[in-house]
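Below are the chains, spelled out letter by letter.
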Amino acid sequence: QVQLVESGGGLVQPGGPLRLSCAASGRAFSINAMGWYRQAPGKQRDLVATITSGGSTNYVDSVKGRFTISRDNAKNTVYLQMNSLKPEDTAVYYCNADIMKLTTRRNYVYWGQGTQVTVSA
């Protein structure tokens, strides 16, 4: 079984930075694309940013220039550096990974448990 464990959420003032981490653990797997999504109260879960195994990135327009997604393949970890945070960035942030199980050669999508980010003065 593969697990994604997130860390780094919390309360931050508007304009401040925060860094999220998500580490994948388990046996016999290979990670393809990874990403971050967020869900604000009463709203659907939306894509924030993605990164391929080769390092190509994609961002939703509202975070371009403020957020940076990166990954450390040796540590099976994806990061989201968030700068210039705004109150509208407040949400539960979830990491997501497209993972191939080496024993079956089949792909599965895994989700982390979510971490709360609150931007408020």
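Criteria and thresholds
Residues numbered from 1 in each chain as written. Predicted model: local features only at pLDDT ≥ 70, side-chain atom pairs only at ≥ 80, totals over all residues. Heavy atoms only, no water. Disulfide = S-S within 2.5 Å. Helix = DSSP H or I, 4+ residues; strand = E, 2+ residues; numbered from the N terminus. Buried < 20%, exposed > 50% of the residue type's maximum accessible area, 1.4 Å probe, protein only. Pairing = 2+ DSSP bridges.

For the coordinates displayed, the defined rule picks out 1 disulfide. Here cysteine 22 engages in a disulfide with cysteine 95; their sulfurs sit 1.9 Å apart. Here the residue cysteine 22 occupies a position in strand 3 (residues 18-25), and cysteine 95 occupies one in strand 9 (residues 91-101), the gap between them amounting to 73 residues. In this structure cysteine 22 comes out as buried when scored by relative accessible area, which is 0%.

Residue alternation in strand 11 (residues 115-119) divides its side chains into a buried set, Thr115, Val117 and Val119, and an unburied set, Gln116 and Thr118. Taken together, the 3 bridges between strand 2 (residues 10-12) and strand 11 define a ladder with parallel strand orientation. The residue of strand 11 that forms the bridge with glycine 10 is valine 117. Summarising the sheet, strand 9 and strand 11 pair through 3 bridges and their orientation is antiparallel. Along strand 11, the bridge assignment pairs valine 92 with glutamine 116.

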